[in-house]
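Coordinates in review
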Amino acid sequence: MKIVTDIKEWQIIRKNFSNQKIGFIPTMGNLHRGHLSLCNRSKLENEMSIVSIYVNQTQFNEVNDFNNYPRTLSQDIELLEKSAIDYLFLPDEKTMYPDNFQIQITETTESLELEGSYRSGHFTGMLTIVLKLFNLIQPQKAYFGEKDFQQLILIKKLVQALFLPIEIINCETIREKNGLAYSSRNNRLTNEQRKKAASFPKWLKEGENPVEITKNLEKLGFKVDYIKEKWQRRLGAVWLDNIRLIDNIPL
Ligand code: AMP
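In this report, the structure presented in the accompanying data block is examined. From a predicted model like this one, the values you see are computed outputs, not experimental measurements.

The tally for this structure, following the rule as stated, stands at 17 salt bridges. A salt bridge links Asp225 to Arg244; its shortest N-O distance comes to 2.9 Å. Note that Asp225 is positioned in strand E7 (residues 223–230) and Arg244 in strand E9 (residues 243–250), a separation of 19 residues in sequence. Among the charged side chains, a network of salt bridges with common partners joins Glu115, Lys223, Asp225 and Arg244.

Shown next, in the form of structure tokens:
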């Protein structure tokens, strides 16, 4: 796997590609089985697979969350080598924003509800970095997890609105044995919290309706930001002590 950190270097490499089919998997690192399932899917469907790792500060609405975000680069590189990824695009923090984030991509409707109403600016930061990465990588297909369902919806909308020649592929959520969706933030859970966290997807799946699910999760000690049904999914965000978990299931 070749690691490219410099944008100019990457653009020269990209220009010299022939017509190979390129699959792209954008991530923020601290890779787990969820990310690796996206990589495997891309490997199956493309001649070349490219992963980016970039912890995008503009999509964090809390400085502490950004500072505490797990960074495990050498472990990530090992996993990507094992997955036979061709290129890792690893830009440094500053190079992605030569404009100091003065140019922004904002969606004005669906980005304001659910996650958007609890994480102000999150989706603007996310859409802006995804468009920058799409412009640099120029893939034919890009892979996103259903775990972040609202993100997936907004990225599909971005591609459609801006006529980007990229096919967005959704990949199902990969879960631990106890049902908890893999997430980089799970690393911060203690063993006891991890056990309790499994009640979140369990109630999403088994509960009758959002009101009942909220009541039961609160009884267990979760603080519930929202449980809502939309896009034929049941989506939720909860806090377990100081760790925020999001998840969703098909209805
Ligand atoms: P992140 O590094 O958290 O930005 O995630 C990068 C990509 O991996 C996003 O498209 C996520 O939706 C996806 N992803 C994260 N966790 C999972 C999971 N448990 N199962 C499937 N995809 C996931």
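There's plenty left to go through after this.
As a further point, take the packing of helix H9 (residues 199–206) against helix H10 (residues 210–219). Remark: H9 packs on H10, axes separated minimally by 9 Å, with the N-to-C direction vectors making an angle of 155 degrees. What the angle tells us is that H9 and H10 run roughly antiparallel. Every pair of crossing elements has a handedness; the one defined by H9 and H10 is right-handed. Listed contacts from H10 to Ser199, Phe200, Trp203 and Leu204 of H9 are Glu212, Ile213, Asn216 and Leu217. Taken together, the residues of the contact of H9 with H10 break down into five nonpolar, two polar and one charged.

For the rest of this paragraph, the subject is the sheet that holds strand E4 (residues 87–89). Consider a sheet: its strands pair through backbone hydrogen bonds, and that pairing is either parallel or antiparallel. With parallel pairing, the six strands of this open sheet are ordered in space as E1-E4-E3-E2-E5-E6. The open sheet has two edge strands with one neighbour each: strand E1 (2–4) and strand E6 (167–171). Averaged over all adjacent pairs, the angle separating strand axes in this sheet is 25 degrees, with direction ignored. Here three bridges tie E1 to E4, and the two strands are oriented parallel to one another. Each residue of the ladder has a partner; that of Ile3, found in E4, is Leu88. Docked against the sheet, helix H7 (residues 149–161) engages strand E5 (141–145) and E6, running at close to 170 degrees with respect to E6.

This part is about the sheet that holds strand E8 (residues 233–240). A sheet is described by the order of its strands in space; here three strands give the open sequence E7-E8-E9, paired in antiparallel fashion. One side of each edge strand has no neighbouring strand; the edge strands of this open sheet are E7 and E9. Strand after strand, the sheet turns through a mean of 10 degrees between neighbouring axes, direction not considered. Two elements, E7 and E8, share seven bridges in a ladder whose sense is antiparallel. The residue of E8 that forms the bridge with Val224 is Val238. H10 rests against E7 and E8 of the sheet, and its axis sits at about 160 degrees to E7.

Take the site of the ligand next. What surrounds the ligand is a group of 17 residues, the closest being Met28, His35, Asp148, Ile174 and Tyr182. Contact between the ligand and Met28: an oxygen atom at 2.9 Å from a main-chain N or O atom of the residue. Within the backbone of Ile174, an N or O atom sits 2.9 Å from a nitrogen atom of the ligand. Contact with the protein chains hides 92% of the accessible area of the ligand, taken as 480 Å² for the molecule alone. Counting only elements with at least two residues in the shell around the ligand, the list comes to strand E2 (22–27), helix H2 (33–45) and E5. Top element by residues in the shell around the ligand is H2. It accounts for three residues. Taken together, the residues of the shell around the ligand break down into seven nonpolar, seven polar and three charged.

The next thing to look at is the state of the cysteines. In protein structure, a disulfide is the covalent linkage between the sulfur atoms of two cysteines. According to the stated counting rule, one finds zero disulfides in the structure shown. Its sulfur unpaired, Cys39 is 9.6 Å from the next cysteine sulfur, which belongs to Cys171.

Within the secondary structure layout, Thr173 lies in the loop between E6 and helix H8 (191–197). Classification of Thr173 by relative accessible area gives buried; the value is 14%. Separated by 3.1 Å, the side chain of Thr173 and the backbone nitrogen of Lys147 make a polar contact. Sequence-distant contacts of Thr173, defined by excluding residues within four places in its chain, comprise Glu146, Lys147 and Ala181.

Phi is positive for Ala84, close to 60 degrees, though the residue is something other than glycine. Mapped onto the secondary structure, Ala84 falls in the loop between helix H4 (73–82) and E4. One non-glycine residue, Gln138, lies in the positive phi region at around 50 degrees. Looking at where Gln138 falls in the secondary structure, it is placed in the loop between helix H6 (122–137) and E5. Under the relative-accessibility criterion, Gln138 is labelled partly exposed at 42%.

Criteria and thresholds
- Residues numbered from 1 in each chain as written.
- Predicted model: local features only at pLDDT ≥ 70, side-chain atom pairs only at ≥ 80, totals over all residues.
- Heavy atoms only, no water.
- Salt bridge = Lys/Arg side-chain N within 4 Å of Asp/Glu carboxyl O.
- Helix = DSSP H or I, 4+ residues; strand = E, 2+ residues; numbered from the N terminus.
- Axes fitted to C-alpha atoms, helices over the stretch in contact; angles between N-to-C directions.
- Parallel < 35°, antiparallel > 145°, perpendicular 65-115°, else oblique.
- Left-handed = near helix turned anticlockwise from the far one by under 90°.
- Contact = heavy atoms within 4.5 Å.
- Nonpolar A, V, L, I, M, F, W, Y, C, P; charged D, E, K, R; others polar.
- Pairing = 2+ DSSP bridges.
- Near = heavy atom within 4 Å.
- Polar contact = N/O pair within 3.5 Å; in protein donor to acceptor, adjacent residues only side chain to side chain.
- Areas by Shrake-Rupley, 256 points an atom, 1.4 Å probe, with all protein chains shown as cover.
- Disulfide = S-S within 2.5 Å.
- Buried < 20%, exposed > 50% of the residue type's maximum accessible area, 1.4 Å probe, protein only.

Purely geometric numbers; function is a separate question.
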